[in-house]
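Listed below, chain by chain, are the residues.
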Amino acid sequence: AQSVTQPDIHITVSEGASLELRCNYSYGATPYLFWYVQSPGQGLQLLLKYFSGDTLVQGIKGFEAEFKRSQSSFNLRKPSVHWSDAAEYFCASRGGTYKYIFGTGTRLKVLA
Amino acid sequence: NAGVTQTPKFRVLKTGQSMTLLCAQDMNHEYMYWYRQDPGMGLRLIHYSVGEGTTAKGEVPDGYNVSRLKKQNFLLGLESAAPSQTSVYFCASSLSRTSGSYYNEQFFGPGTRLTVL
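Since we're looking at a predicted model, the values are computed, not measured. (Residues numbered from 1 in each chain as written. Chains lettered and ligands numbered in written order. Predicted model: local features only at pLDDT ≥ 70, side-chain atom pairs only at ≥ 80, totals over all residues. Heavy atoms only, no water.)

Caption draft 1: How the structure looks around the overall build of chain B. When its secondary structure is counted, chain B shows zero helices and 11 strands. For chain B, the succession of helices and strands along the chain, N to C, is β-β-β-β-β-β-β-β-β-β-β. Here the C-alpha atoms of chain B give a radius of gyration of 14 Å, agreeing with the 13 Å that 2.2 N^0.38 yields for 117 residues. Looking at chain B alone, contacts between residues at least 24 apart form 57% of all its contacts between residues at least 6 apart. Here chain B has roughly 5500 Å² of accessible surface; of this, 52% comes from carbon and sulfur atoms. For chain B, the distance from the average site of its 11 positive side-chain charges to the average site of its 8 negative ones is 6 Å. (Helix = DSSP H or I, 4+ residues; strand = E, 2+ residues; numbered from the N terminus. Rg over C-alpha atoms; globule rule 2.2 N^0.38 Å. Contact = heavy atoms within 4.5 Å. Areas by Shrake-Rupley, 256 points an atom, 1.4 Å probe, with all protein chains shown as cover. Lys, Arg positive; Asp, Glu negative; His and termini not counted. Charge placed at Lys NZ, Arg CZ, Asp CG, Glu CD.)

Caption draft 2: Focus on the interface of chain A and chain B. Chain A puts 22 residues into the contact, and the matching count from chain B is 25 residues. Roughly 2000 Å² is buried in total at the junction of chain A and chain B, and carbon and sulfur atoms are behind 60% of that figure. When the buried surface of chain A facing chain B is broken down by residue, A:Arg94, A:Tyr98 and A:Tyr100 rank first, second and third, together holding 27% of it. Put simply, chain A and chain B have one salt bridge between them. Those elements giving two or more residues to the side of chain A that touches chain B turn out to be strand E5 (33-38), strand E6 (44-50), strand E10 (87-95) and strand E11 (99-102) of chain A. Residues that form the side of chain A that touches chain B fall into these classes: 10 nonpolar, eight polar and four charged. (Buried area = accessible area lost by both parts, 1.4 Å probe. Salt bridge = Lys/Arg side-chain N within 4 Å of Asp/Glu carboxyl O. Nonpolar A, V, L, I, M, F, W, Y, C, P; charged D, E, K, R; others polar.)

Caption draft 3: Broad picture of the nonpolar core. Residues A:Leu19, A:Trp35, A:Leu47, A:Leu48, A:Phe74, A:Leu76 and A:Tyr89 are the most contacted members of the largest nonpolar core, which totals 25 residues. When contributions to this core are tallied by element, the ones reaching two or more residues are strand E2 (10-14), strand E3 (19-21), E5, E6, strand E8 (64-68), strand E9 (73-78), E10 and strand E12 (106-111) of chain A. (Core = buried A, V, L, I, M, F, W, Y, C linked by side-chain atoms within 4.5 Å. Buried < 20%, exposed > 50% of the residue type's maximum accessible area, 1.4 Å probe, protein only.)

Caption draft 4: Focus on the sheet that holds strand E3 (residues 19-25) of chain B. All names here are of chain B. Read across the open sheet, the four strands follow the order E1-E3-E8-E7; overall the sheet is antiparallel. Looking at the sheet topology across the chains shown, the edges are occupied by strand E1 (4-7) and strand E7 (65-67). Averaged over neighbouring strand pairs, the angle between their axes works out to 20° when direction is ignored. One ladder, built from four bridges, connects E1 with E3; its direction is antiparallel. The residue of E3 that forms the bridge with Gln6 is Cys23. (Pairing = 2+ DSSP bridges. Axes fitted to C-alpha atoms, helices over the stretch in contact; angles between N-to-C directions.)

Caption draft 5: Up close: the side chain of B:Gln6. Residue and element names in this part refer to chain B. Secondary-structure assignment places Gln6 in strand E1. Residue class for Gln6 comes out buried when judged on its relative accessible area of 4%. Polar contacts involving the side chain of Gln6 include one to the main-chain amide nitrogen of Gly111, which spans 3.0 Å. Within the local environment of Gln6, its side chain forms a polar contact with the side chain of Thr112, the two groups lying 3.5 Å apart. (Polar contact = N/O pair within 3.5 Å; in protein donor to acceptor, adjacent residues only side chain to side chain.)

Caption draft 6: Representation of the pairing of strand E5 (residues 42-51) of chain B. All names here are of chain B. With nine of its 10 residues buried, E5 lies for the most part within the structure. Where strand E4 (residues 31-38) meets E5, seven bridges bridge the pair, whose relative direction is antiparallel. Opposite Tyr35, over in E5, you have Leu45 as the bridge partner. Hairpin connection from E4 to E5: three residues lie between these consecutive antiparallel strands, with Gly40 at a positive phi of about 75°. Bridge analysis of E5 against strand E6 (residues 54-57) gives three bridges, and the strand direction is antiparallel. By the bridge assignment, Gly51 is partnered in E6 with Thr54. Here E5 hands over to E6 after two residues, with Gly53 in that stretch at a positive phi of 85°.

Caption draft 7: Expanded view of the confidence of the model for chain A. Here chain A averages 92 in pLDDT, and 99% of its residues register 70 or above. At the low end of the mean pLDDT range in chain A sits E11(A), at 88; at the high end sits E3(A), at 98. (pLDDT = per-residue confidence, 0-100.)

Caption draft 8: Looking closely at the pattern of salt bridges. All names here are of chain A. By the definition in use, this model includes eight salt bridges over all chains. With a closest N to O distance of 2.9 Å, Arg22 and Asp8 form a salt bridge. One end of the pair, Arg22, is in the loop between E3 and strand E4 (24-26); the other, Asp8, is in the loop between strand E1 (3-5) and E2, and 14 residues separate them in sequence. For Asp8, a relative accessible area of 18% gives the class buried. Between Arg107 and Glu88 there is a salt bridge, with its nearest N and O atoms 3.0 Å apart. Linking Arg107 in strand E12 with Glu88 in strand E10, this pair joins segments that are 19 residues apart in sequence. Owing to a relative accessible area of 41%, Arg107 belongs among the partly exposed residues under this scheme. What emerges from the salt-bridge pattern is a single network uniting Glu64, Glu66 and Arg77.

Quick look at the structure:
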């Protein structure tokens, strides 16, 4: 069955430090992959998406993600984290015609 | 555009009571979804709809019913609420595959926080 795994439940980084959030997917065909961010008390907002082409995709708020087929990964990165980036991050893939498969999320804490 | 809106934002129920959560979208999306979010479990799909008048079960449908009488609205009902249904409920919508872009993302509402005592 198709699945999306986020190995890190919590990550803490200092403001200004770089960030990498891990995401692994299992899907035989070309995956359609997404990263969402959820601020406290809010809904999910799309950061970026990948479906084909260049394996490095740029998103909003200075985030980028790299698709690596050989590693079945779609890791999210940001060169310098801001305190406002503290939130929960979800990786997702489109699982068939209708459904989307979500990881369990990674909660990011930013230290001042 | 308002995007995806949900009503109400908060609700407290007693066990056995019923209620309906309303989701509305103004983006003319064909697909609509109801999820529940619980700590450490991510998002779990309750029901979804691929068009007006059609609904289907997701991975955790028990205890919930849905209806999609109008394209822009998707209702989630709890007939007899149980404490296990205490959760945050999110509605989402997306374009269909035939709309041109299979890789379309979902758009989410702000959520409804439901507590069942």
